[in-house]
Amino acid sequence: MQTTDLEIQNDIIKIIDTFENLLYGFAYIGDISSCKFKNTPYAITIGLPLSPTIVDEIITGPNQVYYDEYCNVNDKLDLITQQLKNEIDKKGYLAYAIPSSKRTDFVNIKGEFPHKAAAVRGGLGWIGKSSLLITRKYGPRIRISTVLTDIPFQTNDLVGTNYCGTCKKCVGACPAGAIVGNLWDESLPREKLIDVRKCDLWKINNYSQFHGHVCGICVAVCPHGRKKA
Ligand code: SF4
Ligand code: SF4
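It should be emphasised that the depicted structure is a prediction, and the values quoted were computed from it without experimental measurement.

Draft legend 1. Structural context of the side chain of Ser-100. Tracing the backbone shows Ser-100 in the loop between strand S3 (95-98) and helix H4 (115-121). For Ser-100, the residues in contact, after removing those within four places along its chain, are Asn-74, Leu-77, Asp-78, His-115, Arg-143, Ile-144 and Ser-145.

Below you can see the structure in the form of structure tokens.
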């Protein structure tokens, strides 16, 4: 008997459910991904929380413990997306596991796929004024990753309600002055939220011991993460 697409989706959910605290969502992203991924218009987003006690310690800037946690969670996500990709390969469908944190476009400062866009459509949360994904469960204290595939999933396709409201904690806390302070919606270009060059330069100039990869102050101050923590 042939396996249906829904059965494959349920098999994927069973694998995801074997991992503790793993958030997930399914979304159609064919209208927002690049030509490279035109044959894989469906996304599985997975997300793992960062340790709340570690994040609480970086209100004034990152430390080695936070950097290690950031790298560990990214590595775990990359192992899980690889496992999901292998499973999809076995079913005879296309799949790409997009690394959780890998810059491929150094001019425009971005990776090969916008994880956050798929996460929002998959119902994980909204994009905060800080340009971070803000989840209902962990606020921005989370790392995410994506598998792209041609399996026609039943998708959530929910663009989450934006609960930033009048809050501007991240705007005031950003030492680089990089966060503009606008409320996000799907039509808003990234530069209306954040000056990524300012953020990048701040990290490179001030936290070179972490290779300019992390700062995390806007992650730590967001009330949506703090109250959950
Ligand atoms: S990571 Fe740091 S520099 Fe970049 S936007 Fe957040 S608070 Fe500002
Ligand atoms: S700190 Fe406030 S404004 Fe910034 S992302 Fe969090 S809720 Fe939104």
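Back to the text.
Draft legend 2. Molecular detail of the site of ligand 2. Surrounding ligand 2, one finds Gly-128, Lys-129, Ser-130, Ile-134, Cys-164, Cys-167, Lys-169, Cys-170, Cys-222, Pro-223 and His-224. Here the residues of the shell around ligand 2 are counted per class, giving 6 nonpolar, 3 polar and 2 charged.

Draft legend 3. Spotlight on helix H1 (residues 5-16). Its 12 residues give H1 an end-to-end C-alpha distance of 17 Å, which sits within 8% of 16 Å, the value for a rise of 1.5 Å per residue. For H1, the elements touching its buried residues are strand S1 (23-28), strand S2 (42-49) and helix H3 (64-90).

Draft legend 4. Geometry of the sheet that holds strand S6 (residues 142-149). In space, the 4 strands of this open sheet follow the order S1-S2-S6-S3, with antiparallel pairing throughout. The sheet is open, and its two borders are formed by S1 and S3, each paired with just one other strand. Averaged over neighbouring strand pairs, the angle between their axes works out to 20° when direction is ignored. When S3 meets S6, the two strands line up antiparallel, connected through 4 bridges. In the strand pairing of S6, Ala-95 is matched with Thr-149. Across the sheet, H3 touches S2, S3 and S6, and the angle it forms with S6 is around 20°.

Parameters and conventions
For every chain, the first residue of the written sequence is number 1, and numbering continues from 1 onward in sequence order. Written order decides the labels, with chains lettered from A and ligands numbered from 1. Reporting in this predicted model follows two pLDDT cut-offs: at least 70 for local features of residues, and 80 or more for side-chain atom pairs to be given and counted; totals over whole chains, interfaces and linings ignore these cut-offs and use all residues. Values reported for side chains reflect all heavy atoms of the structure, with hydrogen atoms and water molecules removed beforehand. In DSSP terms, a helix is any run of H or I states spanning at least four residues, a strand is any run of E spanning at least two, and both are numbered starting from the N terminus. By definition in these notes, contact holds between two residues if any of their heavy atoms fall within 4.5 Å. Working definition: residue near molecule or strand if any one of its non-hydrogen atoms lies within 4 Å of it. Residues are sorted three ways: Asp, Glu, Lys and Arg are charged, Ala, Val, Leu, Ile, Met, Phe, Trp, Tyr, Cys and Pro are nonpolar, and all the rest, Gly among them, are polar. What a helix is expected to span follows from its residue count: subtract one and scale by 1.5 Å. For two strands to pair, DSSP has to find at least two bridges joining them. Structural elements are reduced to axes, namely lines fitted to C-alpha atoms, with helices fitted over the stretch in contact, and the angle between N-to-C directions of any two is expressed from 0 to 180 degrees.

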